[in-house]
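Inside the fold
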Amino acid sequence: MTRRLALATGAAAVFSLALREAGSGYLAIVAFGLLAAALDSEKRPLFAALITAVAWTGLAIPALEGTALVIWWSLPALIAVHGIVWGVAGGVHALFVRKPLLSWALLPLLITGAEYVGSSRLVFGGAALELVAYTQADTILRGLAPWSGTSGVTLAVAAFGTALYLLTKGQPRPAIWTSVLLSTLMAVSTSGMFERRESGTVRVAVVQTADDPVTAMLSKYDDRLMADVMGKFEVLTHNVRERGAELVVWGETVLPGEGDSGRLPVATKRALGAAPVVLAGTRERTPEALFNSTMVWRGSYLELVSRKQVLVPIIESHFDPGLPTAPVPLQGANVGAFVCLDSLHGHISRESVRRGADLLVYVTDDTFAGSTASNWFHLATAIIRAAETRRSVVFANAYGPSALISASGEVVARTRVAEPGFLVEDLPLWTGPTPYAALGNYVGPACLLLLFIALAFAFLVRRSYVHQAPRMG
Amino acid sequence: MLVALVVLTVPAVRSWFTSHAELTARLAPFEFDGRRYLLVRSDETTWVSLQSYPNLEAARTAHPGLKAVERLSHLDANDVLLMQLDGRIVETLFLFTDGTFIKMIEPGVGTVLYKRDYFDATFTGLVSRPSTESRP
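Rules and cut-offs
Residues numbered from 1 in each chain as written. Chains lettered and ligands numbered in written order. Predicted model: local features only at pLDDT ≥ 70, side-chain atom pairs only at ≥ 80, totals over all residues. Heavy atoms only, no water. Helix = DSSP H or I, 4+ residues; strand = E, 2+ residues; numbered from the N terminus. Rg over C-alpha atoms; globule rule 2.2 N^0.38 Å. Buried < 20%, exposed > 50% of the residue type's maximum accessible area, 1.4 Å probe, protein only. Areas by Shrake-Rupley, 256 points an atom, 1.4 Å probe, with all protein chains shown as cover. Lys, Arg positive; Asp, Glu negative; His and termini not counted. Charge placed at Lys NZ, Arg CZ, Asp CG, Glu CD. Contact = heavy atoms within 4.5 Å. Buried area = accessible area lost by both parts, 1.4 Å probe. Salt bridge = Lys/Arg side-chain N within 4 Å of Asp/Glu carboxyl O. Nonpolar A, V, L, I, M, F, W, Y, C, P; charged D, E, K, R; others polar. Pairing = 2+ DSSP bridges. Right-handed = clockwise from strand over helix to strand, strands pointing away. Phe/Tyr/Trp six-rings, centres within 6.5 Å; stacked < 30°, edge-to-face > 60°. Lys NZ or Arg CZ within 6 Å of the ring centre and 35° of its normal. Core = buried A, V, L, I, M, F, W, Y, C linked by side-chain atoms within 4.5 Å.

Okay, the overall build of chain A next. The helix and strand tally for chain A stands at 16 helices and 12 strands. Here the C-alpha radius of gyration of chain A, 24 Å, is about what a compact globule of 473 residues would show, namely 23 Å. A principal-axis box enclosing the C-alpha atoms of chain A has dimensions of 90 × 45 × 40 Å. Evaluated residue by residue, chain A yields a buried proportion of 61% over its 473 residues. Counting every atom, chain A has about 18200 Å² of accessible surface; 63% of that belongs to carbon and sulfur. Computed over 38 positive and 35 negative side-chain charges, the separation of the two mean positions in chain A equals 12 Å.

The interface is formed by 27 residues belonging to chain B together with 35 residues belonging to chain A. Both faces considered, chain B and chain A share a buried interface measuring about 2500 Å² in area, 68% of it formed by carbon and sulfur atoms. By the criterion of area lost to chain A, the three top residues of chain B are Met1, Leu8 and Asp98 of chain B, representing 23% of everything that side buries. Applying the counting rule to chain B against chain A returns 2 salt bridges. Of the charged contacts, one joins aspartate 98 of chain B and arginine 283 of chain A as a salt bridge, the two residues approaching to 3.5 Å between their closest N and O atoms. Elements supplying a minimum of two residues to the side of chain B that touches chain A: α1 (2–27), β1 (36–41) and β6 (101–106) of chain B. Take the side of chain B that touches chain A: its biggest share by element is 14 residues, from α1 of chain B. Grouping the constituent residues of the side of chain B that touches chain A by class yields 17 nonpolar, 5 polar and 5 charged.

Bringing the pairing of strand β8 (residues 359–364) of chain A into the picture now. Residues and elements named next belong to chain A. Most of β8 sits out of view: 6 of its 6 residues are buried. Residue alternation in β8 divides its side chains into two sets, Leu359, Val361 and Val363 and Leu360, Tyr362 and Thr364, and both sets are buried. Inspection of the sheet shows strand β7 (residues 333–339) paired to β8 by 5 bridges, in the parallel sense. Paired with glycine 336 across the bridge in β8 is leucine 360. Following the chain from β7 across helix α13 (residues 346–354) to the adjacent parallel β8, one finds a crossover that is right-handed. Note: β8 against strand β9 (residues 392–397), 6 bridges, orientation parallel. Counted as the bridge partner of threonine 364 is asparagine 397 from β9.

On to the environment of arginine 129 of chain B, then. Residues and elements named next belong to chain B. The residue arginine 129 is located in the segment after β8 (123–128) in this model. Judged by relative accessible area, arginine 129 falls into the buried class, the value being 16%. Residues arginine 129 and valine 40, spaced 89 residues apart in sequence, show a C-alpha to C-alpha distance of 24 Å.

Let's shift gears to the packing of aromatic side chains. Residue and element names in this part refer to chain A. Evaluation of the coordinates by the stated rule reveals 14 aromatic pairs over all chains. Centre to centre, the rings of phenylalanine 15 and tryptophan 86 are 6.2 Å apart; their planes meet at 85°, and the pair counts as edge-to-face. Of the two residues, phenylalanine 15 is situated in helix α1 (residues 2–19) and tryptophan 86 in helix α4 (residues 74–94); the sequence distance between them amounts to 71 residues. Sitting over the face of the ring of phenylalanine 291, arginine 307 holds its NZ or CZ atom 4.0 Å from the ring centroid.

Residue and element names in this part refer to chain A. Residues Trp86 and Leu359 are the most contacted members of the largest nonpolar core, which totals 122 residues. Ranked by residues supplied to this core, first place goes to helix α3 (residues 45–64) with 10 residues. Residues contacting tryptophan 86, with those up to four places away along its chain left out, are Phe15, Phe32, Leu35, Thr52, Trp56, Leu59, Ile111, Ala114, Glu115 and Val132. If you look at the next biggest cluster of nonpolar residues, it comprises 25 residues, including Met226, Val240, Ala245 and Ala280.

Okay, here's the thing in C-alpha cells:
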C-alpha cells in the first residue's frame, strides 16, 4: 500500500512539474508511467480511486493555486470535486485488472474520458476544466490537437505513459504501436495539411502594464489612479504604434466607463488614441445586464466585439454570460475575441472559427494569481487553442505573461509576469478548417462510449458466469 | 515519497506566500481592513457637513423626510446615507456604485470604497435626499 501511494505521490510531483514554467510537458508522460505502476494489479476499486485522485492533484495544484489567493478554499474544493472524476476512472480500472491486456488498453481511455467529463460545463458549470492536454503546450504532442482538440492530446499522453510503464516491464509492443500510430498522425499534422490558405498578415501588438492587483482594481474607482494607469497604456501604445502595429490589444476590464464612450475619462481617450485600432476589455452595462466584454476603439467611440461566455463561479456572479458572436473585421483580420476563462473551453473558439475567424484574441487579467503557476497554465490553454484551430492567437494578459502565438502553437513572442511591456509581430491569417474545427472533439465521447461498452460487456460476462455457476456445481 | 511531497507542495506554498505578501504590501497604503479601502484621506477631500447620531430615532428626528431605499441601483450620487458604524448612526455621502463596490465619503475618514457585503451589513436602508418632486 505504501509503495503504491509513494508511486502515486511521485506521479503527482512529476505532473506538477509538467505544468510549471521551469518544467516540460514530456514529464506528464513519465507521470502517467508512475501512475500506471501504482495501479498495476490493484484490485481494490476504492484504493485505486484514491491512487488516481492523488496523482491528479499534481496537475491541479499548479493550474489552480492562484485561485487560493482570492478564495482560500477554492483550491481544495476544486481538487476534491474534480479528483472524484479521476478517482472514478481509477476505480473502474481496478474492475478490469484480472484481464491485464484489457485493463492497460482501458487506462488511457479512462483518463481521457475523465478529462472529457471534467471539462463538461453541463456537469461542472463555470468550474469545468481539464488539465492533461495543456501540459503539452510546449511539446510536439500539441501537433495532435487539430485532429480532435484536447481529448486527442490527452489520449496520446496517457497511451505513451502506459506504454512507457509496460516497456519497463519488458513488454515493448504497446510502446512500438503507440509510437508508430501517433508519429504517423503527427507527421501528417506537421506537413502543412491544415494551413489551407494564408489570407494575409496583420501586425498585432499586445500592451501589458502589469499593474499590481490593488492598483488595477481600485483604479476603476479613483480618477488619480486611473490617470496613472492610462498614462502607462498611452506610453506603451505609442511605442507599439511607432513599430508599425495595426491592431493593439489590451487586457481584460482595463477600460473604465462600463462600455459607454461618453463616460471614458480624458486620459483613457488619449491612451486609446495612440493607436489606430485598440481592442480592450471592459465591464459593459446595458439596461438589463452587466457583461465582461471586449470592445474596439477605432478613433471615436467604443464598439462591442464580444462578451465573456464562461464566468468565474462566485467571483463573477454579478456578471451575465455572453452568447457566441460572429467574428469582427479589424485591420483585415476576422477577429474572434474572448475573455479569460473562455480560453479553457475549445468549443467556444471552434464556434468562432466555424463562423470565419482567422485570428483569435484572448484578453485576460491574471493579476489575482500573482506569481503562481496559474498564469502559465492560462497561457498554455491559448497555445492549445491555436494548435487545434490552426489560427494565430493573441493572448493579452494585463499582468503577464502575454504572448503572440503562431497557428502551430509556437510562442512567437512573450512578455514576463509582473513587468510592464509590449509585443509586436506580424501574424499570418490562416483559413480552412482543421478536423477539430469541422467535427469537434470526437475522441472524448468515443472514449466514453468504448468504456460503457467495456463495462456492459464485463457486467454481462459476470452475470452469465453467476447464472451458470449453480448448474456447473 | 517525501521528495515527491516536497516537489509537489513547496513551489505552490512558496508562490502563494510570495504573492500573498506582495498583495498585503500593496494593500497597506489603502488601509484595507477586510471591509473597506481608503482612496483619499479626509483632509484631502472636499469638506462636507456629515453628522452622526447615537441611534436611529435621533437620526429620524434630525431628518424628518427620510426615504427607504430597497435596491442599490436606486441610490443617486450625493444621497446622504445613514450607516450603522461602531454603534452609531453615521451620515455618509454616496458617490458611485458598480454593484461590487460602493464609493462614499465617510466623515472623519475620507473617500472610501466599501465592499458590497460590508455595505449591505451596515447600510440602514435609509436615505436623506431632497423631496422626490425635485428629482428628475
